[in-house]
Amino acid sequence: MSKMTSLATCLPDLCHPDTSAWAQIDSDRVLQVLVRNLDGMVFRCAIDAHWTLHFVSDGAHALTGYRPEELARNAVLSLEAMTHPEDRATVRRAVDEACRGVGRYRVQYRLQHRDGSEKWVLERGAVVLDEYGERVLEGFIEDVSEQLAQQRLLAGAELRYRSIFEDSVIGMFRTSSDGRYLAANRALAELYGYDSPEALVDGLSDIATRLYVDPARRQAFITLIRENRRVVDFESEVYRRDGSRIWISENAHAVLGPDGEGLYYEGTVEDITAQHTYRKQLEYQATHDPLTGLPNRNLLQDRLQQALSQALRRGCHGALAFVDLDNFKFVNDSLGHGAGDRLLVEVGRRLKACLRDSDTVARYGGDEFVLILGDSDGLADTLHILHRVQEVVGEAIALEGHQLHVNCSIGVSVFPDDGDDLEVLLRHADAAMHHAKKLGKGQFQFYTESLNVAARERLALDSALRQAIEQDGLHVVYQPKVGARGQLHGFEALVRWENPAFGSVSPTRFIPLAEESGLIGHLTWFVLRQACHQAAAWRARGHARLRVAVNISPSLFREKDLAALVQSVLDAAGLPPENLELEITEGMLMGDVQRALTVLNELKAMGVFIAIDDFGTGYSSLAYLKRFPIDILKVDRSFVMECDVGNEAVAITRAIVSLAHSLNLRVVAEGVETAAQLAVLNALGCEEFQGYLFSRPLPADAATAFLVAAGR
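Residues numbered from 1 in each chain as written. Predicted model: local features only at pLDDT ≥ 70, side-chain atom pairs only at ≥ 80, totals over all residues. Heavy atoms only, no water.

(A) The arrangement of the overall build of the protein in detail. Along the protein, the regular secondary structure elements total 30 helices and 26 strands. The burial tally for the protein puts 47% of its 712 residues in the buried class. Within the protein, contacts between residues at least 6 apart in sequence are counted, and of these 58% link residues at least 24 apart. With the model as given, the accessible surface of the protein reaches about 35,300 Å², and the carbon-plus-sulfur share is 51%. (Helix = DSSP H or I, 4+ residues; strand = E, 2+ residues; numbered from the N terminus. Buried < 20%, exposed > 50% of the residue type's maximum accessible area, 1.4 Å probe, protein only. Contact = heavy atoms within 4.5 Å. Areas by Shrake-Rupley, 256 points an atom, 1.4 Å probe, with all protein chains shown as cover.)

(B) Up close: the nonpolar core. Val566, Leu580 and Leu603 are the most contacted members of the largest nonpolar core, which has 84 residues in total. Per-element accounting of this core gives the leading share, 11 residues, to helix H22 (residues 520-540). When residues no more than four places from it in sequence are discounted, the contact partners of Leu580 are Leu528, Cys532, Val548, Val550, Val566, Leu570, Val608 and Phe609. Counting 30 residues, the second-largest nonpolar core is a separate cluster that includes Val347, Leu351, Phe369 and Val412. (Core = buried A, V, L, I, M, F, W, Y, C linked by side-chain atoms within 4.5 Å.)

(C) Seen up close, the sheet that holds strand S4 (residues 118-129). Strand order in the open sheet formed by 5 strands is S2-S1-S5-S4-S3, with antiparallel pairing between adjacent strands. For this open sheet the edge positions go to strand S2 (53-56) and strand S3 (104-112), each flanked by a neighbour on one side alone. Going across the sheet, the axis of each strand differs from the next one's by a mean of 25°, ignoring polarity. Two strands pair when backbone bridges link them, and S3 and S4 are joined in this way by 9 bridges, in the antiparallel orientation. By the bridge assignment for S4, Gln108 is matched with Leu122. Across the sheet, helix H8 (residues 88-100) touches S3, S4 and strand S5 (135-143), and the angle it forms with S3 is around 165°. (Pairing = 2+ DSSP bridges. Axes fitted to C-alpha atoms, helices over the stretch in contact; angles between N-to-C directions.)

(D) Representation of unusual backbone geometry. Look at the link from Phe415 to Pro416: it is a cis peptide, with omega at 10°. A positive phi is found at Asn74, a non-glycine position, where the angle reads about 60°. Within the fold, Asn74 resides in the loop between helix H6 (68-71) and helix H7 (79-82). With relative accessibility at 22%, the residue Asn74 sits in the partly exposed group. In this structure, Asp472 is a non-glycine residue whose phi angle is positive, near 55°. Of note, Asp472 is situated in the loop between helix H20 (452-470) and strand S18 (474-482).

(E) Inspection of the sheet that holds strand S7 (residues 181-184) at higher detail. Ordered by their spatial adjacency, 5 strands build an open sheet running S7-S6-S10-S9-S8, and the pairing between neighbours is antiparallel. Strand pairing shows two members of the sheet lacking a second neighbour, S7 and strand S8 (230-239), which therefore form its edges. Across the sheet, the axes of successive neighbouring strands diverge by a mean angle of 30°, strand direction being ignored. The pairing of strand S6 (residues 171-175) with strand S10 (residues 262-271) spans 5 bridges and is antiparallel. Across the sheet, the residue bridging to Thr175 is Tyr265, located in S10. Along the sheet face, helix H13 (residues 216-228) touches S6, S8, strand S9 (245-256) and S10 and points at about 175° away from the line of S8. Along the sheet, helix H14 (residues 273-287) makes contact with S8, S9 and S10, crossing S9 at roughly 120°.

(F) Expanded view of the environment of Val414. Residue position: Val414 is located in strand S16 (residues 408-415). By relative accessible area, Val414 is classed as partly exposed at 21%. Distance from Val414 to Gly374, taken between C-alpha atoms, is 10.0 Å for residues 40 residues apart in sequence. Among residues more than four places away in sequence, those in contact with Val414 are His317, Gly318, Ala319, Gly419, Leu425 and Phe446.

(G) Just helix H19 (residues 422-438), in detail. For H19, spanning 17 residues, the distance from its first C-alpha to its last is 24 Å, which sits close to the expected 24 Å at 1.5 Å a residue. Of the residues flanking the start of H19, the one acting as N-cap is Asp421, its side-chain oxygen 3.1 Å from the backbone nitrogen of Glu423. Looking at the residues trailing H19, positive phi occurs at Gly440, about 125°. (Expected span 1.5 Å × (residues − 1). Polar contact = N/O pair within 3.5 Å; in protein donor to acceptor, adjacent residues only side chain to side chain.)

(H) Structural detail: empty space enclosed by the protein. Summed over all chains, the structure comprises 3 cavities of 30 Å³ or more. Lining the second largest cavity, in full, are Trp51, Leu79, Thr83, Val91, Val95, Tyr109, Glu123 and Leu137. (1 Å grid on protein atoms, 1.4 Å probe; cavity = no way out; pocket = protein on both sides within 12 Å on 5 of 7 lines; lining within 4 Å. Points joined across faces, edges and corners; volume = space filled by probe spheres on them.)

(I) How the structure looks around the pairing of S5. For S5, the buried fraction is high: 7 of the 9 residues fall into the buried class. In terms of strand pairing, strand S1 (residues 41-46) meets S5 through 6 bridges, oriented antiparallel. For Phe43, the partnering residue across the bridge sits in S5 and is Gly139. Sheet analysis places S4 next to S5, joined by 9 bridges and oriented antiparallel. Residue pairing across strands places Leu122 opposite Glu142, the latter belonging to S5. Following S4, the chain reverses through 5 residues before pairing antiparallel with S5; Gly133 in that reversal takes a positive phi of roughly 85°.

(J) Molecular detail of the environment of Thr524. Counting through the fold element by element, Thr524 comes out in helix H22. Separated by 32 residues in sequence, Thr524 and Leu556 have C-alpha atoms that sit 8.1 Å apart. Apart from residues lying up to four places away in sequence, Thr524 is in contact with Asn551, Ile552, Ser553 and Leu556.

(K) Local environment of helix H16 (residues 328-335). Among the residues of H16, those classed as buried are Phe328, Val331 and Asn332. Buried positions in H16, seen along its axis, are confined to an arc of 95° and lie on one side of it. Exposed side chains of H16 directed beyond 90 degrees from the buried face belong to Lys329, Phe330 and Asp333. Two residues or fewer past H16, Gly336 is found with a positive phi of approximately 100°. (Arc of directions from axis to C-beta.)

Function cannot be read off these values alone, since they describe shape.
Here it is, written out as structure tokens:
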């Protein structure tokens, strides 16, 4: 009887041969087909030293590299010889246990292929009696190398994940959709004040109410994940175990099952309390006057917009009052700036105290304050407040041992009748205030059409400026930028205007006028051309590393081809881009952020340097600062002027310098006037300085002499 025939005799017993259907099946043929097509090796072997094979299926060739006839009766190689030497004892032990027990065995081992490679195989078999009553092994061997490799990869990944999860210094978690912690690592437990991850999981049974200060944050977290499959930089205030509060930032995503159902959320948590506090401080400093703590111009714009919207919605009126202290310069000159500052603080306190909660008092600058009197009940109500303001400002103030009486002049514009935006209302109120001063100070005046005389003067100034631009009536001066030891780094180019009718016109007067009238582009290109030609002349004299800085106006920054226009000026002057520094204000980075980023990238690709001017006065751009290709930050002169008196300005300047250095930016302090300011700024880490302590802005020939004297 053949081995195949003997194996086939088992099939009818297993398939109920007494049924009519099975009686018609050729079991021998079925068995042959099955054995021939199995992905593996069916075998019968003797229980001897070599596992001498009596029968081997066709699958042997794919598994071992040997044909069945080469393995039968060990014609070429035995099964024992193909088994890896280190695994032979394991295989024999499994068979021995089967012989002594239930007769079945299962063993996994390495099999050596004919080509020299190794395969992991799984052998499953049984000890049976053959046709002659002899015990033999019948079984099946299959290749499990790929399954084992996958298992090892999964096991390794699990170990790595567990190591990362448990040992990470960043808090990590898994939470259920109903607000329970499923897992947490030690870093998160320590962050929230728990002794162990287990204590955290047990202690925070309801994340919404037990963790978040605002319970609605949990629902916001879930909503964002449902919409976007993840949350990024999700900031919230949370309770620690001891009840203290911290701010955290979470990054998380939803983990889905095979059928797409949500299993849990997992992510990371970082403590951002310090960053949040710092950001809030900068937000406050950006919207409040550092001396008086009152709202500044930035917040004034927002408050007025709210009052205007309310007046239009309710069909009522409001008033904007421009308050200017009379004879403030006398206090500063006679008692010193410290006394003047204390006077401003006290006046700010009094103004705030005499207004309603719905009103706003802001320090506009110098000795000027602006009041927004919203939702007025009529002229009588406004007059009552103005009289009250005059009374409280006029009350005696004790300064430096003196009892001082300071009056104020007030100009008032009414909204929405006199204007519907801050600029117009301020201009009208300022005109009314100056009219009040001319009438004898200590008065208040409302804006009237008769004050359009000031507007005609403005038109005359606008006409004169146009003529100056067309007829080269402007000139450029250069203010040095130096290091702490006086070494020259470059110059800032500044425009000046001398007019026969108006005299020396301050840039603070004609530059805003140029912005409003659309002349700023001509003004900027004039300065840029002059500065580039002068820098090229200095470079020709051997000053190859000297840079000249030019301010770019907001309207010009919005030009489509700004980079190409700048390149054309450089080419005409023969000046390499690395000798040019363009200064922009941080407000230009806001609004269309992508547009700003594109413009700056184009300029940087040319090779020019980019500086942020007056930094620290517009916090809103801080969140985007790291996205822009900036080289230099210029600290606003308002912080520089007060950095040597130990107030908040020092803290802000220190924060700005630290921020700049963390982004690999250079820091320039402008408006340096005293050695004390220089010492403080140098200690804080500023690299360059600019101000009257070193030099006033100089004409080109004087700047050249300064350059020669500096030894560059």
